[in-house]
Every structure is written in structure tokens, then in C-alpha cells.
Number of protein chains: 2
Amino acid sequence: MEKIKPRTLSGFMELLPGHQVYFDTMIRKLRESFALYGFTPLDTPLMEAAEILLAKGGGETEKQIYTLSKGDTDLALRYELTTSLAKYVALNYSRLTFPFRRYEIGKVYRGERAQRGRFREFYQADIDIIGDGGLDVLNEAEIPSVIYRCFKSLGLERFVIRINNRKVLSGFFEIIGVGGKVTDVLRMVDKLDKIGVTKLTEALTNDLGLTNNQVTEILDFVTHKGDPFEVIDKYRGRNELFDSGADELAAIRQHITGLGVPDTHFKIDLAIARGLDYYTGTVYETYLLDHPQVGAICSGGRYDNLAGYYTDKNLPGVGISIGMTRLFYILQEQGLLNESVLTAPADVLIIPMTDDLSHAVLLAAAMRESGLRTQIYGENKKFKVKVSYADKLEIPYVVFLGEDEILEGKITVKDMTSGEQTTAESSLLIARISEKINALRSGAPIKEV
Amino acid sequence: MEKIKPRTLSGFMELLPGHQVYFDTMIRKLRESFALYGFTPLDTPLMEAAEILLAKGGGETEKQIYTLSKGDTDLALRYELTTSLAKYVALNYSRLTFPFRRYEIGKVYRGERAQRGRFREFYQADIDIIGDGGLDVLNEAEIPSVIYRCFKSLGLERFVIRINNRKVLSGFFEIIGVGGKVTDVLRMVDKLDKIGVTKLTEALTNDLGLTNNQVTEILDFVTHKGDPFEVIDKYRGRNELFDSGADELAAIRQHITGLGVPDTHFKIDLAIARGLDYYTGTVYETYLLDHPQVGAICSGGRYDNLAGYYTDKNLPGVGISIGMTRLFYILQEQGLLNESVLTAPADVLIIPMTDDLSHAVLLAAAMRESGLRTQIYGENKKFKVKVSYADKLEIPYVVFLGEDEILEGKITVKDMTSGEQTTAESSLLIARISEKINALRSGAPIKEV
């Protein structure tokens, strides 16, 4: 028979079993963290009618959308989770209770040019809080706390959540007389990290025609070291938008410590703007301290209108998104997967040493009943092959069940790490193994050096 | 602004938050059950190169595949998980250890005609064990035990796993002289449940030209009541294939009880054939006793060659698949979702009664630290609206934090089910709530009446 060459599409992450365990563990940790803050899980379709996904329209994103058709319907694969959320909330408005807190962790699709570390199919992990007509700033204060808990639960230590407020920036620009160019100025200020002070100065002066004074004020404002409220307070009382944003930033700073985020892990950074036009208040960007070249690994913010394409209802919200596939790719590239995490498919491999397998079968059932992931090696192979099966899969315990053991009502357990071998009653050894396995299971998937 | 009507494609299940919790719980239970048997999780791409998905080729399925193209690559969405597994094993052969036990729970796509209870996007939950050159029958014996544990963990009680062996059927047909028509006869026998004895007799006689004797022997064989080995043993020693299948069935029956499946929940049923051509040994079908019209909710079997399209390696396997979306749809249609399961997004809602939210924030942090899913109600609404928020979302506990409580270092908790209200130290009440919440969490998602 003519053979087909097996292949996986480029830009599609397909993990080997060990790495899949790390990835799944990370997803589970995120779910647990999100749940602690009252977010409910959603799982929306990956495919939507094209007009739904293209509602926002235009731009680079639209070119990247995978479209297809079946019968007379034009279909598209989602390229983010927010569009699906907007549709969901508009469609189910009367059946939801607001503020509506949901998380969704799912695959999205972008037909980007394939390159290392860029994915066409990737997981996003999103949380959003949607209000009906209004949404208190307390919700915005909680978001950094969720981010902090999420990354800590993954095992990450060295990261910082940068926080700013678009109202503060927009108000400030109005105050210094560049209010007519807010969007352009914002877009350039957002590049400060990448292009540096000199190039930003040039761009603001030459491209946007700002005066030297204006440029100086902007640079003093966005690069201010020390307490940001020193510079914020200088401009208070001159612009309503500015003051309202400043109050929000102050409220967030007040609550963030109470919510458990240490000073080391957040920073009010007046240079953060976020490229997207639709943020209207607080914005967030999270960076890995040791890998700044990676860019923001989690970002988002406050928006005024989630579902304006579908409904006149005023649905303000705040949300963030974590690009999990890319984050995982980076962490494993950097060698940060915690090697002491148990990635084996089983905790115990039972190797029967008699032709009659009935004792092995009963033992496996008992071990599973007590929560141990147990496999019986039933293949007719040499003893060495059987033991090397456990070795290759890094199964931590092997049980030998021979005639002697069966006669004495005992089992022999080999600890594959230490090589130590113990013969005793099965209930005793099951308890002992369970304890050690629970310890192995409790580790975080990531370990920063 | 012109509004777009929000809609979800027909044939795509999109659940309201409460139902999503049931569904997610079911998925989690399956993952736990699969893991206990040493199956490792995989998560393969939903999209493949078209030539990979169409390798099997032909038939009804091909017409249902969603295809698309991007650049110069023809792409397709997977319509089952086995094709992806075959590609994965062929591609990663040298990096895997065999027998390779994997599970995958993921979405698949079929462009079927939309009708009630039929889905175009749906979850399959698959387990497979792949051997390299051979695979012991013990693996086949374990499969019903996995099925049993899965459904029990969901809360299902009234189901039966029917087991047969294709070698027994094929060998039997050879013995009675209809060996040349095995596939046709199998296909008809497989319909016995649907068409009944009379129509099967007609079909075998008229359409396939079997003699009256042959038809009688077939019917006696496949409809035998009582111990199936009574009728199996009558034919032993006359056909190698038959004897080998009979030995396998006997081995499975021997181990299945030891593996924890009670007699009430499995049945060797010589009429089960499975439509698919590629099963070569044991076959399984699982039925809900009270909903036979639903058909098999979990089926599969032993096959000789997983990845013949890609490799000359001999990779026999055994596997089953559960159509989770359809199963969930049926269970909720039948009113079998366990109402005592906690579907609220949070365990506790904190309602601050003071303008200063700092105490509420600290309390929320403490509750989350102790594992309670906690939300602070921060919106500026009337008291009644705040309490009704908890009511609508069925959040079981509400905490009131007023000046009195803050001064006394206490909190007031209202049990929303009983209406009972208690004021005490927070640590005491957190412990008490945690205990009750753990009890609420332990219930199975399904409850059969």
C-alpha cells in the first residue's frame, strides 16, 4: 500500500505525552485560580457564522481569519474569545445575571505567517467581568490579584503586572494641549519600551508636530520614577477625565495589597497604553522579568461596550487574556519546566510474575480504588523489557507479584528512583506509595531558577 | 449603528453557565477515570492537512468533513479522534513507549444535516491502547472496567456493557458455510436489535441467499439466552479463528469481575457486531437500560492496524469512544442532571455594608486562600438587589460585613438554603462553610431516578 507521510501542520502545537502533562497542569491551575474569584466556565463554539466573527471588521486580523463554507452558510473559526463572549452575552442577556464573571480557555485560530514561536492554533485563557449599565472599579482592582494568583500557581515568581489608566493618559494629553491627537500619541507612547526615548521624541516632534514643551511634559510624565502619584497629583483638578482616571488608579492601588498582590509584583506605569482602541480605563500588561523580549504574557483592560454590534444595552467590562500556547512554548524553551513534576502516565506498574493474572488484576483494582494510577504490564515479554517499560515512562513504582508473594499475601514494590525494594502487605504499601505520590503531585509545573 | 442579530450556528451546543458546570464536571470525572488506568492525555490539533484526514477515504464521512484552504494548503477539521491518533503514533513512533495508552477528549466536526440531538461540533472522549507488534488480551479485558468506572463516576447506574468478539462471529459463519459472505452477514446481524428476528430472517434468506438451516443456526447462536459459552462450546475445535476468539472472550469474562465490573453491568452478547469494518476482535457497546432508543453511548473494539496508511509497522490496538455532547444532551433532556450539584460560580458572596471596602477585600483574600470561591459584590445598588444577585446565581452563602461586625472582628453569614444567619469570628465561619461546600462538591453530576 502506498504510504502517506504523517505530518502535523506548521504553526500547530502538538506535544509529546510528558509535555502535555505540564500543559494540562497549567490549564488546570488557571481554572482553579479563576474559579476562586467567582468566574464561571464557558465553552463556546470554535466556529461561528462569518458575519458574527467579522462584525468588528477590518484590519490585519480579518486577513488572518480562517473561513470556510458548508451549504449556503459562510463560516469562520474564531480568532479570539472576546467576539464569542460578546455574542453570547447579547444572545443570552435575559438569562444571565450581572455582573457576569466568566472564564474561557480554548483554542483560537489565526492564519499568520508560520515562524518559530508563532502559532496558528493556540490556547487563549480569558477572564472578563461584564456589568449591566455600570461596573464598579473594585472589579478592576481584582484583576491584578487574579493574574498574580494564576502565575504564582503555575510556579512563576519573577513577573510584574504593570497597570495604567487610559483616562489618565487621555486627560493628560488634553491638559497639555494635544487632545486632538490622543490616539496617535497613545500609539507612539505605547512603543516607548521598544523604540526608546530618543526615537519617541523624534516621532512626537516630527511626525505629530508636538512642541518641545509638550514632548518634555509627556516624557516627564510617562517615564517618571518613584511614586506615580507625585506626577499625577501635579495635574489634578484641571480635567475631569484625568481626575476620574486618577481616582480609579488610586482605588486600585489601595485594594491591590489587601487582595494579596505584593509590591514587588505590580507597578503603576504611566507609559503603558495598550494598542487596542477599545480600552477606556484601566489597562494591564504582565511581563516576565527575565524575559522582556517576550513582551506582555497577559494583558487587557477596561472597555465601555462589549456588545455594541449586537445590542443597544450598555455592557461595560474588564478582562484579560493569557496566550497559553505561546507562554508554554517560551517556558519550555527557557528550560523552566519543573523536572520534579510527575509526568508519567501511571503511578504504579504491576508486573505479574505468574501465568495466572487474577491476583495482578485484583491488586490493580484495589490500587485504583485507593486513587493510584495503575497499569498492569500484560505483554508476553522478557523481564528486562517489562522493567524498562516503567523506566522509559518514568513510572515511579513497580510492583512484582510472584508466587511467593501471592502465597504470603504480600507484594514487592520497587521504588524506581532509589532502587529500594520492599516486600510487605499490599494495604501497607498502597498507603505508603499514595503518600509519596501525593507529594510528587503537589509541585508547580514551572520552576524558575 | 446597524445591529447584527447575535446567533449561534445550529448543531453547535452552547450551554448556559449552570449546564456548563455539569458538562465540565463530567469531563473532569472522565479524565480522572482514564488516568487511573494509566492513560496519558493528548490534545491534538483540530485542523490537519486534508490528505491526512482523507487518508481513510470514501463514504458518508468524507462528505461531512469541513474543508478549507489557506495559502496553498488544503486543510480539514477532524471528524473523529482516531485519525489524529494514527498520525500522532506514526509520526512519533520512535519517541513513544508501547503499549501506548492515551486518552483524548476534544471537539470534532461533522457537517451533518441539522436535527434535534445531532451535533456538528461535538466532544468525543476516546481511550486507546496501542501495541507495537502485539497486544495482550488483558488490555481488552480492562476496557469494560474503564467504561464501568467512567459511567459510575458520572452518576449513571442503569447501563450495560455488551461485549462480543468478531473472530467468534466470523469463525462461526465459516463453520456454518457462509464464510464468503461474512461482511454482509455481520452487517445484517448487527441490525437485529433494530429490525427484529422476522426481518433479519427474511434479509438473510432473500437478500443473501442463506439456507433455512444456516439462518436457524445463526439465530440460535446470536439470540442464545443464558450462558453464552453453552452455545460457543458447541462449535469449539472446528475453526481456528473461532477458537481464538472464544478464548479471548473467556479470558475477558474471567478478568472482568476481578477488575470490578459487577455481573449486572456487562453481558456477553453474540449479536453485537459493530458496523465498522476495521474491528478484528473484541467489540463493545454500552447502552442505557432506560433509554434504549438512544443507541450505544460508548462503543469500540480491537483493531489490527492503527496506522497502516502511514507505516508498515504493525500497530494493533483497542479503544472506545464516548460521544459526550450527545450523551449530555440526552441526560439533560431526560431530566437526569443532579440538582443537588453546586452550579453557582461562587461559594460565597460578600456584601460590604460600609463605604470603605478594605475589610471586605481582606476577607475575600482570606476566604480564597482557604479554597472558597469568593466574590465581593461591589456595585452601588440597593440592598435587595445585592441579595437577589446571590439568589439568582444560587450562591449558597452570603456574608454581610457591616460596621458592627468590623468593630467586633466578626462576620455575619447567611445560609441561603436554610435562611439561617450566624455571626461569629471569620476563621470559625470559613471552616464551617468550607466543610459544607466540600460536601456539596462531592456529588455526581447525574442522578438517575
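Novice: An account of the overall build of chain A is needed here, citing residue identities and associated values.
Specialist: Looking only at helices and strands, chain A features 16 helices and 16 strands. Principal-axis analysis of the C-alpha atoms places the extent of chain A at approximately 90 × 55 × 45 Å. With 449 residues in all, chain A has 59% of them scored as buried. In chain A, 68% of the contacts between residues at least 6 apart in sequence involve partners at least 24 apart. Of the accessible surface of chain A, which amounts to about 18600 Å², a share of 47% is contributed by carbon and sulfur atoms. Within chain A, the 62 negative side-chain charges are centred at a point lying 4 Å from the centre of the 54 positive side-chain charges.

Novice: Quick one: what's the story with the packing of helix 1 (residues 17-36) of chain A against helix 12 (residues 324-333) of chain A, residue by residue and with numbers?
Specialist: All names here are of chain A. The N-to-C vectors of helix 1 and helix 12 enclose an angle of 130°; their axes lie 11 Å apart at closest approach. One finds that helix 1 runs oblique with respect to helix 12. Here helix 1 runs over helix 12; the crossing is right-handed. Within the contact between the two elements, helix 1 uses His19, Tyr22, Phe23, Met26, Ile27 and Leu30 and helix 12 uses Met324, Thr325, Phe328, Leu331 and Gln332. Of the residues assigned to the contact of helix 1 with helix 12, the class counts are eight nonpolar, three polar and no charged.

Novice: Go over the relation of the copies chain B and chain A, please, and point to the residues and values.
Specialist: Mapping one chain copy onto the other needs a rotation about an axis and a shift along that axis. Screw-axis analysis of chain B against chain A gives a translation of 0.0 Å along the axis, an RMSD of 0.0 Å, and a rotation angle of 180°. Accordingly, the operation relating the two chain copies is best matched by a two-fold axis. Rotation axis and chain B: the residue whose C-alpha lies nearest the axis is Leu68(B), separated from it by 2.6 Å.

Novice: Lay out the interface of chain B and chain A in plain terms, naming residues and giving numbers.
Specialist: Taken together, the contact between chain B and chain A spans 104 residues of the former and 104 residues of the latter. Buried area between chain B and chain A, both sides added, is near 8500 Å², and the carbon and sulfur share of it is 59%. Linking chain B to chain A there are 14 salt bridges. In this structure, Asp43(B) engages Lys107(A) in a salt bridge whose closest nitrogen and oxygen atoms are separated by 3.0 Å. Scanning the region where chain B abuts chain A turns up 40 residue pairs in polar contact (both at pLDDT 80 or more). Among the elements that line the side of chain B that touches chain A, the one with the most residues is helix 1 (residues 17-36) of chain B, at seven residues. Among the residues making up the side of chain B that touches chain A, the classes are represented as 52 nonpolar, 23 polar and 29 charged.

Novice: Go over the pattern of salt bridges with me, naming the residues and quoting the values.
Specialist: Considering all chains together, one arrives at 52 salt bridges over all chains under this definition. Put simply, Arg373(A) and Asp347(A) hold a salt bridge, and the shortest N to O gap is 2.9 Å. Highlighted residues: Arg373(A) in the loop between helix 13 (358-369) and strand 13 (374-376) and Asp347(A) in the loop between helix 12 and strand 12 (348-352), separated in sequence by 26 residues. Here Arg373(A) falls in the buried class, since its relative accessible area comes to 15%. Connected via shared salt-bridge partners are Glu14(A), Glu48(B) and Lys87(B).

Novice: Describe the sheet that holds strand 2 (residues 47-49) of chain A, with residues and values.
Specialist: Residues and elements named next belong to chain A. Overall, antiparallel pairing links the three strands, which are arranged 2-4-3 in an open sheet. The sheet is open, and its two borders are formed by strand 2 and strand 3 (67-70), each paired with just one other strand. Here the strands of the sheet are splayed against their neighbours by 40° on average, with no regard to which way each runs. Alignment of strand 2 against strand 4 (residues 73-77), held across three bridges, turns out to be antiparallel. The residue bridging methionine 47 from the neighbouring strand is leucine 77, located in strand 4.

Novice: Describe in detail the packing of aromatic side chains, supporting the description with residues and values.
Specialist: Residue and element names in this part refer to chain A. Summed over the entire model, instances satisfying the criterion amount to 38 aromatic pairs over all chains. Here tyrosine 88 and phenylalanine 100 contribute two aromatic rings whose centre-to-centre distance is 6.3 Å and whose plane-to-plane angle is 15°, an arrangement assigned as stacked. Of this pair, tyrosine 88 sits in helix 4 (residues 82-91) while phenylalanine 100 sits in strand 5 (residues 100-109), and the two are 12 residues apart along the sequence. Measuring from centroid to centroid gives 5.0 Å for tyrosine 278 and tyrosine 279, while their planes differ by 20°, and the two rings are stacked. Following the ring pairs from residue to residue traces out a cluster consisting of Phe172, Phe173, Phe221, Tyr235 and Phe242. Just above the ring of phenylalanine 39 sits the side chain of arginine 101; from NZ or CZ to the centre is 5.3 Å.

Novice: I'd like to hear about the side chain of Gln20(B), residue by residue, with values.
Specialist: Along the polypeptide, Gln20(B) turns up in helix 1. On the basis of relative accessibility, which here comes to 1%, the residue Gln20(B) falls in the buried class. If near-sequence neighbours (up to four positions away) are discounted, Gln20(B) is found in contact with Pro41(A), Leu42(A), Asp43(A) and Leu15(B).

Novice: Summarise helix 14 (residues 383-393) of chain B; cite the residues concerned and give the values.
Specialist: All names here are of chain B. Listed as buried for helix 14 are Lys386, Val387, Tyr389, Ala390 and Leu393. Along the axis of helix 14, the buried positions cluster into a sector of 140°, meaning they face one direction only. Away from its buried face, by an angle of more than 90 degrees, helix 14 presents the exposed residues Lys384 and Lys392. Taken from the residues just after helix 14, glutamate 394 is the one with a positive phi, measuring 55°.

Novice: Describe the side chain of His265(A), with residues and values.
Specialist: Residue and element names in this part refer to chain A. With respect to the element layout, histidine 265 can be found in the loop between helix 11 (240-258) and strand 8 (266-268). Separated by 2.7 Å, the side chain of histidine 265 and the backbone oxygen of glutamate 157 make a polar contact. Discounting chain neighbours no more than four positions away, the residues touching histidine 265 are Tyr148, Glu157, Phe159, Val160 and Ile161.

Novice: Lay out the pairing of strand 10 (residues 298-303) of chain A in plain terms, naming residues and giving numbers.
Specialist: Residue and element names in this part refer to chain A. The buried fraction of strand 10 is high, at six of six residues. Where strand 10 lies against strand 11 (residues 317-323), six bridges are found, and the strand directions are antiparallel. From the neighbouring strand, tyrosine 303 faces strand 11, where its bridge partner is glycine 317.

Novice: I'd like a description of the sheet that holds strand 15 (residues 410-415) of chain A, backed by residues and values.
Specialist: Residue and element names in this part refer to chain A. With mixed pairing, the five strands of this open sheet are ordered in space as 13-12-14-15-16. Across the chains shown, the open sheet's two edge strands, defined by having one partner strand only, are strand 13 and strand 16 (421-425). On average, each strand axis in the sheet is inclined to that of its neighbour by 25°, with strand direction left out of account. Inspection of the sheet shows strand 15 paired to strand 16 by five bridges, in the antiparallel sense. Paired with lysine 414 across the bridge in strand 16 is glutamine 421. On the sheet, helix 16 (residues 426-441) packs against strand 12, strand 14 (397-401), strand 15 and strand 16 and is oriented at approximately 130° with respect to strand 16.

Novice: Any details on a negative patch on the surface? Residues and values, ideally.
Specialist: A surface patch of like charges, here negative, comprises Asp355(A), Asp356(A), Glu403(A), Asp404(A) and Glu408(A). With relative accessibility at 40%, the residue Asp356(A) sits in the partly exposed group.

Novice: Let's hear about the environment of Ala86(B): which residues, and what values?
Specialist: Its location among the elements puts Ala86(B) in helix 4 (residues 82-91). Judged by relative accessible area, Ala86(B) falls into the buried class, the value being 5%.

Novice: How would you explain the environment of Arg102(B) if you had to name every residue and give the values?
Specialist: All names here are of chain B. In this fold, arginine 102 is placed in strand 5 (residues 100-109). Given the relative accessible area of 1%, arginine 102 is considered buried. It is 30 Å that separates the C-alpha atoms of arginine 102 and serine 69, two residues lying 33 residues apart in sequence. Ignoring sequence-local partners within four residues, the contact set of arginine 102 consists of Phe39, Thr40, Leu42, Leu81, Leu85, Asp126, Ile127 and Asp128.

Novice: Requested: an account of the pairing of strand 3 (residues 67-70) of chain B, with residues and values cited.
Specialist: All names here are of chain B. The pairing of strand 3 with strand 4 (residues 73-77) spans four bridges and is antiparallel. The partner of lysine 70 across the bridge, within strand 4, is threonine 73. The turn joining strand 3 and strand 4, which pair antiparallel and follow one another in sequence, is formed by two residues; a positive phi near 60° is taken by glycine 71.

Here is what the cut-offs are and how they apply
Residues numbered from 1 in each chain as written. Chains lettered and ligands numbered in written order. Predicted model: local features only at pLDDT ≥ 70, side-chain atom pairs only at ≥ 80, totals over all residues. Heavy atoms only, no water. Helix = DSSP H or I, 4+ residues; strand = E, 2+ residues; numbered from the N terminus. Buried < 20%, exposed > 50% of the residue type's maximum accessible area, 1.4 Å probe, protein only. Contact = heavy atoms within 4.5 Å. Areas by Shrake-Rupley, 256 points an atom, 1.4 Å probe, with all protein chains shown as cover. Lys, Arg positive; Asp, Glu negative; His and termini not counted. Charge placed at Lys NZ, Arg CZ, Asp CG, Glu CD. Axes fitted to C-alpha atoms, helices over the stretch in contact; angles between N-to-C directions. Parallel < 35°, antiparallel > 145°, perpendicular 65-115°, else oblique. Left-handed = near helix turned anticlockwise from the far one by under 90°. Nonpolar A, V, L, I, M, F, W, Y, C, P; charged D, E, K, R; others polar. Least-squares fit on C-alpha atoms with pLDDT ≥ 70 in both. Buried area = accessible area lost by both parts, 1.4 Å probe. Salt bridge = Lys/Arg side-chain N within 4 Å of Asp/Glu carboxyl O. Polar contact = N/O pair within 3.5 Å; in protein donor to acceptor, adjacent residues only side chain to side chain. Pairing = 2+ DSSP bridges. Phe/Tyr/Trp six-rings, centres within 6.5 Å; stacked < 30°, edge-to-face > 60°. Lys NZ or Arg CZ within 6 Å of the ring centre and 35° of its normal. Arc of directions from axis to C-beta. Patch = residues over 30% accessible without salt bridge, like charges linked within 9 Å, V, L, I, M, F, W, Y side chains within 5 Å.

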